[in-house]
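One-letter residues, chain by chain:
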Amino acid sequence: MNRLMKKTYSIGLIPGDGTGPEVTREAVKVLGAASQKFGFQLDYTPYDFGGDRYLKTGETLPDSALEEFRKHSALYLGAIGHPGVKPGILECGILLKTRFVLDQYINLRPVKLYRKEDCPLKDKEPKDVDFVVIRENTGGIYTGVGGAVQKGTNLEVATQVMVYSRPVVDRCMKFAYEYTRRRNRKKMLTLVHKCNVLTHCGDLWVRAHKEMGDRDYPDVKQDYNHVDACTMWFVKQPEWYDVIVTENLFGDIITDLAAIVQGGLGVAAGGNINPEGVSMFECMGGSAPKYTGKNVINPIAAIAAGGMMLDTLGETEAAAAVDKAVTTALTGGKIQSLAAGRMGLGTAQVGDLIAGLV
């Protein structure tokens, strides 16, 4: 195909901190193989936002950068977190700010076990761990509604409030129902909340789930778990689940448990999705600064996040090829472990292996 005829996507690339640049490099390598094979082009604009820039300039993410972000087809993030920066500064100043300003109101977390030996659960196989968590990504407690009075005294009072409006719940629920229908596996959508205690917000989510399902998605089975029960069933019977929809805080918690069930953060990828705008994709693991520059960190989650980005951009064949290449690489015997330093291959070698299989 003539280069000028290729469909081109503009990608904002934020390698970030620690091992972020290393795993990002391997993801870009694999995405390059996919784009060449399937006839499209990815044009990257690099950004240096992260701990090093903050320590030099005191700046996390300027508003001008967010305006630039809006012009891209998608954003790709390596990792955020720096040992020299107080926790919360980068996370709130870069990650949350991007999610909120770009209204990336869906956090999409596929949970897939690639091979049996990576699962810590007894007798569970890849066919048993294959579900998706859809987390509402811009509402709830993370909006920061609340405050503190008499701070630092023995009478201090602090509040942080779970706030949800019906439109915010409905748009998340609609995405979840549509995704469940399109996934076409069990066609079951499980709402996870705590409606027996959180009687206002929980009731809103429960009613939204039932009313929308009854009215618009009669072909999708409705299911419900309290969040504490969900954590139990993730461990005991993960094969029950198809698609889960939940609010922000609960989603943040249960997706970490889900990551361990699927083999660890080294294979856990996610997307911050604005279905009508610019989405951002990332691996779920942190920046792992102790492994920086050692060529030992697992890049598979970063590569899988790149595959998610292709799928969201509409390059579904290329996305499927990336996923198949990851599966083939992991089941081929050359990658001994998912743990950093114990893979049997270096970071770059894993990237080469998967790129060669696309």
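Residues numbered from 1 in each chain as written. Predicted model: local features only at pLDDT ≥ 70, side-chain atom pairs only at ≥ 80, totals over all residues. Heavy atoms only, no water.

Here we take up the sheet that holds strand E2 (residues 40–46). The mixed open sheet is built from ten strands, whose spatial order is E2-E1-E3-E12-E11-E4-E5-E10-E8-E9. Only two strands of the sheet have a single neighbouring strand rather than two, namely E2 and strand E9 (221–226). For this sheet, the mean inter-axis angle between neighbouring strands, taken without regard to orientation, is 25°. Two strands pair when backbone bridges link them, and strand E4 (residues 106–112) and strand E5 (residues 130–136) are joined in this way by seven bridges, in the antiparallel orientation. Among the inter-strand pairings, arginine 109 is bridged to a residue of E5, identified as valine 133. Sitting on the sheet, helix H5 (residues 166–183) touches E4, E5, strand E8 (188–193), E9, strand E10 (243–246) and strand E11 (269–273), and the angle it makes with E5 is about 165°. (Pairing = 2+ DSSP bridges. Helix = DSSP H or I, 4+ residues; strand = E, 2+ residues; numbered from the N terminus. Axes fitted to C-alpha atoms, helices over the stretch in contact; angles between N-to-C directions. Contact = heavy atoms within 4.5 Å.)

The next thing to look at is helix H9 (residues 300–313). Given 3.6 residues per helical turn, the α-helix brings residues three or four places apart onto the same face. In this model H9 runs 20 Å from its N-terminal to its C-terminal C-alpha over 14 residues, within 8% of the 20 Å that 1.5 Å per residue would give. Across the 14 residues that make up H9, a large majority, twelve, are buried. Every buried residue belonging to H9 is among Ile300, Ala301, Ala302, Ile303, Ala304, Ala305, Gly306, Gly307, Met308, Met309, Leu310 and Leu313, and all of these are buried. After H9 finishes, the residue glycine 314 shows a positive phi value of roughly 100°. (Expected span 1.5 Å × (residues − 1). Buried < 20%, exposed > 50% of the residue type's maximum accessible area, 1.4 Å probe, protein only.)

Counting buried positions over the seven residues of E5 gives six, a clear majority of the element. The pairing of E5 with E10 spans four bridges and is classified as parallel. Across the sheet, isoleucine 134 pairs through a bridge with valine 245, a residue of E10.

Phi angles above zero are rare outside glycine, and asparagine 184 is one such case at about 55°. In this fold, asparagine 184 is placed in the loop between H5 and E8. Look at lysine 187: it is not a glycine, yet its phi comes out positive at around 55°.

As a further point, take the packing of aromatic side chains. Considering all chains together, one arrives at ten aromatic pairs under this definition. When the centroid spacing of 6.0 Å and the interplanar angle of 80° are considered together, the rings of tyrosine 9 and phenylalanine 40 count as edge-to-face. Taken as a pair, tyrosine 9 in strand E1 (residues 7–16) and phenylalanine 40 in strand E2 lie far apart in primary sequence, 31 residues in all. No difference in accessibility class separates tyrosine 9 from phenylalanine 40, as the two residues are buried. On the basis of an interplanar angle of 45° and a centroid distance of 5.0 Å, the ring pair of phenylalanine 131 and phenylalanine 234 is categorised as tilted. Linking phenylalanine 131 in strand E5 with phenylalanine 234 in helix H7 (residues 227–236), this pair joins segments that are 103 residues apart in sequence. For phenylalanine 131, a relative accessible area of 1% gives the class buried. Taken together through their ring pairs, the aromatic side chains of Tyr47, Phe49 and Phe69 make up a single cluster. (Phe/Tyr/Trp six-rings, centres within 6.5 Å; stacked < 30°, edge-to-face > 60°.)

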